[in-house]
Amino acid sequence: MACPEMKKYSLWIVAAVAMTLMASCRTTKNATDTVSAATPYAPHALATVTDTVCYSIGVSYGSGLRESMKNFPGGETNLEALKEGFLHAMDGDTALAMTAEAAQAYIQSFLTNIQQKEAEVEKEKGDRFLTANRTAEGVITTESGLQYKVLKQGEGAIPTSEDQVKVHYTGKLLDGTVFDSSVQRGEPATFPVTGVIPGWAELLQLMPIGSKYQVWIPSELGYGSQGAGQMIKPNSMLEFEVELLGIEAR
């Protein structure tokens, strides 16, 4: 239903690339490379093409990193601390407060903690919604916690776990954002009943052909603690409108 999960904290990748390129500039300078008159100069003297391209790399990646840091997970950033750590590492300062390995471990621990907190918040929001939705008119809650409402009841056959189905669907997040829709694409989807998330598999085996159901899927019956793609966060509750068009030959 959704794209494979992509990491959102790309600023660390940018920083790593910047450090690598800058280190290369410090060790591969060719003093015979001359700068053309058309080359834009830095505020201080840059005598060679290599000098200028190294400065350009610094400006390019520094600007990108500064922009990325505006969306820093966890709040306000300290750019002075970032620059200090960067320059100390570039200069090979033996008095670094931590090794590169320790720094990477600290970053990973920090990001993991942020992601866990976000996942907890997402789970709490979904649980609150599902608790309130249980008493909404027409909503049926199954033993697994799946909730659905019949919008149109068909009269055809009901799929089994061995079947392949053809459906139209629209998937939304808790805030109403559409993250996937065969309806918008104008092309129904076909897949095995057991080839989808557990909430879908359960729902499809409740629907006669020709039915249209609205369904609310708890995170544990969806993409769970992993999430999916950039839009579906870990522990997200999902809402779908599903129309069962038919059972296809496998």
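In this text the structure is predicted, and so the values were computed from the model without any measurement.

Attention now moves to the pairing of strand β2 (residues 147-152). Bridge count for strand β1 (residues 139-141) against β2 is 3 bridges, and the pairing is antiparallel. Counted as the bridge partner of Thr-141 is Gln-147 from β2. Following β1, the chain reverses through 5 residues before pairing antiparallel with β2; Gly-145 in that reversal takes a positive phi of roughly 105°. As paired elements, β2 and strand β6 (residues 212-217) share 5 bridges and run antiparallel to each other. Counted as the bridge partner of Tyr-148 is Val-215 from β6.

Applying the stated criterion across every chain yields a total of 6 aromatic pairs. Between the aromatic rings of Tyr-169 and Trp-200, the centroid separation amounts to 5.5 Å while the plane-to-plane angle is 90°, which identifies the pairing as edge-to-face. Highlighted residues: Tyr-169 in strand β3 (residues 164-172) and Trp-200 in helix α6 (residues 198-204), separated in sequence by 31 residues. Accessibility assignment for this pair places Tyr-169 and Trp-200 in one class, buried. Judged by centre distance (5.3 Å) and plane angle (80°), the rings of Trp-200 and Phe-240 are edge-to-face. With Trp-200 in helix α6 and Phe-240 in strand β7 (residues 238-248), this residue pair connects regions lying 40 residues apart in the sequence. On the basis of relative accessible area, Trp-200 is assigned to the buried category, the value being 1%.

Averaged over every residue, the pLDDT of the protein chain is 84; residues scoring 70 or more account for 81%. Counted against residues more than four places away or in other chains, residues 1-10, with its pLDDT under 50, gives 25 contacts.

What follows concerns helix α4 (residues 100-133). Given a rise of 1.5 Å per residue, 34 residues ought to cover 50 Å, and the 49 Å separating the end C-alpha atoms of α4 matches this to within 8%. Restricting attention to buried positions, one finds in α4 the residues Leu-111, Ile-114, Ala-119, Glu-122, Gly-126, Leu-130 and Asn-133.

This paragraph deals with the environment of Phe-191. The topology assignment puts Phe-191 in strand β5 (residues 189-192). On the basis of relative accessibility, which here comes to 10%, the residue Phe-191 falls in the buried class.

Looking at the element boundaries, Ser-236 is found in the loop between β6 and β7. Within the structure, the side chain of Ser-236 is placed 2.6 Å from the backbone oxygen of Lys-233, a separation counted as a polar contact. When near neighbours in sequence (up to four residues on either side) are disregarded, Ser-236 contacts Glu-122, Ile-217 and Ser-219.

One pass over the full model with this rule turns up 7 salt bridges. The salt bridge involving Lys-83 is made with Glu-80; its shortest N-O contact spans 3.0 Å. Remark: Glu-80 and Lys-83 occur in helix α3 (residues 79-90); sequence separation between them is 3 residues, near one turn of the helix. Lys-83 sits in the partly exposed class, given a relative accessible area of 43%. Between Glu-243 and Lys-152 there is a salt bridge, with its nearest N and O atoms 3.8 Å apart. In this pair, Glu-243 is assigned in strand β7 and Lys-152 in strand β2, connecting sequence segments 91 residues apart. One continuous salt-bridge network, built from bridges that share partners, spans Lys-123, Asp-127 and Glu-220.

Positive phi, close to 70°, is recorded for Asn-235, a residue that is not glycine. Structurally, Asn-235 can be placed in the loop between β6 and β7. Exposure remark for Asn-235: the relative accessible area of 16% places this residue in the buried category.

Further remarks concern the pairing of β7. When β3 meets β7, the two strands line up antiparallel, connected through 9 bridges. For Thr-170, the partnering residue across the bridge sits in β7 and is Glu-241.

Conventions we followed
Residues numbered from 1 in each chain as written. Predicted model: local features only at pLDDT ≥ 70, side-chain atom pairs only at ≥ 80, totals over all residues. Heavy atoms only, no water. Pairing = 2+ DSSP bridges. Helix = DSSP H or I, 4+ residues; strand = E, 2+ residues; numbered from the N terminus. Phe/Tyr/Trp six-rings, centres within 6.5 Å; stacked < 30°, edge-to-face > 60°. Buried < 20%, exposed > 50% of the residue type's maximum accessible area, 1.4 Å probe, protein only. pLDDT = per-residue confidence, 0-100. Contact = heavy atoms within 4.5 Å. Expected span 1.5 Å × (residues − 1). Polar contact = N/O pair within 3.5 Å; in protein donor to acceptor, adjacent residues only side chain to side chain. Salt bridge = Lys/Arg side-chain N within 4 Å of Asp/Glu carboxyl O.

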